[in-house]
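Architecture at a glance
One letter stands for each residue in the lines below.
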Amino acid sequence: MAFKNILIINPNTSKSMTNGLDELIKDMDHYGTTSTKITTYTAPSGPPSINNEDDALESAKIVFSDLEAKLNQYDAYLVACYSVHPLVEMLREKVSPHVHVTGIFEASISTSLSILPMDSKKTRSKFGIVSTGTYWEKTLSDGVKHFLQIEDLAKCKRFKGVETTGLNADELHTAPPELVRKKMMEATKRLVRDKDIKVVCLGCAGMAGLDSIVDEALREELGDDAKYVHVLDGVKAGIGLLESLVRALPGPQ
């Protein structure tokens, strides 16, 4: 079967964030964990960092307009913004039925749910999210609520919640490294301190490559039990999900 083509879309204008995605893809290629041709894309204009829903909508309109005439060039699309990004549905409505589209937010939830135990009473039966600014605590929680179609998150036995660093996406790569490390570790420790987390989702595309910091926080907070907790990069989850979809649901041959 011919290689499938996936386009990873960075919907903001930050080249440093796209560079981080490129490095992540190189690492995945090095270890043989991808089976597709992956191309990255950076928004030609718009917000340098998506820090609220207005930024997301503006970036979606700009990127969709730029890509609309080229949508027949790829077999799948990944929107690399950890939010309920409107570009996901805009692309889904435009591409053919057998071209798959997801966002890193949706992909990380789907992947997390697939490895949680069926019995929610078991230890480590939840997933949670570490993200950037405090704005995202409610916004991402509402997104999970909508994705899972539940009325009250307080009654959800699968989702722990969102903890944030206070840094925006761009600052993850421009702020002093020690500050980034400190904020990431503090947020992670708050999320897992009850010892009921099985999956920690990195809630920002700009966190690509920062999973080692989360691993360190897990070891400090949980000791030997850290080995039971998965750190899930949304971009890796998105690539993995789309690669599975283009194999399992390739459409007419």
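Report follows, based on the coordinates. Keep in mind that what you see is a predicted model, and the values were worked out from it rather than measured.

1. A look at the packing of aromatic side chains
Tallying each qualifying case throughout the model produces four aromatic pairs. Measuring from centroid to centroid gives 5.4 Å for tyrosine 82 and phenylalanine 105, while their planes differ by 90°, and the two rings are edge-to-face. Here phenylalanine 105 lies in helix H4 (residues 104–115) and tyrosine 82 lies in the loop between strand S3 (76–79) and helix H3 (86–94), a separation of 23 residues in the sequence. Exposure class is identical for tyrosine 82 and phenylalanine 105. Each is buried. Consider the rings of phenylalanine 127 and phenylalanine 159, whose centres lie 5.1 Å apart with planes at 45°: the pair is tilted.

2. Examining the pairing of strand S1 (residues 5–10)
Consecutive side chains of a regular strand alternate in pointing toward one face of the sheet and then the other. Burial analysis of S1 places five of its six residues in the buried class, the great majority of the element. Two strands pair when backbone bridges link them, and S1 and strand S2 (residues 37–42) are joined in this way by six bridges, in the parallel orientation. Each bridged residue has a counterpart across the sheet, and for isoleucine 6 the counterpart in S2 is isoleucine 38. Across four bridges, S1 lies against S3 in parallel orientation. Its bridge partner lying in S3, isoleucine 9 is registered against valine 79.

3. Considerations on the sheet that holds strand S7 (residues 197–202)
Pairing in this open sheet of four strands is parallel, and the strands run S6-S5-S7-S8 from one edge to the other. A strand with exactly one partner marks an edge of an open sheet, and here the two such strands are strand S6 (159–164) and strand S8 (230–233). Averaged over all neighbouring strand pairs, the angle between strand axes comes to 20°, with direction disregarded. The pairing of strand S5 (residues 126–131) with S6 spans five bridges and is parallel.

The rules behind the values
Residues numbered from 1 in each chain as written. Predicted model: local features only at pLDDT ≥ 70, side-chain atom pairs only at ≥ 80, totals over all residues. Heavy atoms only, no water. Phe/Tyr/Trp six-rings, centres within 6.5 Å; stacked < 30°, edge-to-face > 60°. Helix = DSSP H or I, 4+ residues; strand = E, 2+ residues; numbered from the N terminus. Buried < 20%, exposed > 50% of the residue type's maximum accessible area, 1.4 Å probe, protein only. Pairing = 2+ DSSP bridges. Axes fitted to C-alpha atoms, helices over the stretch in contact; angles between N-to-C directions.

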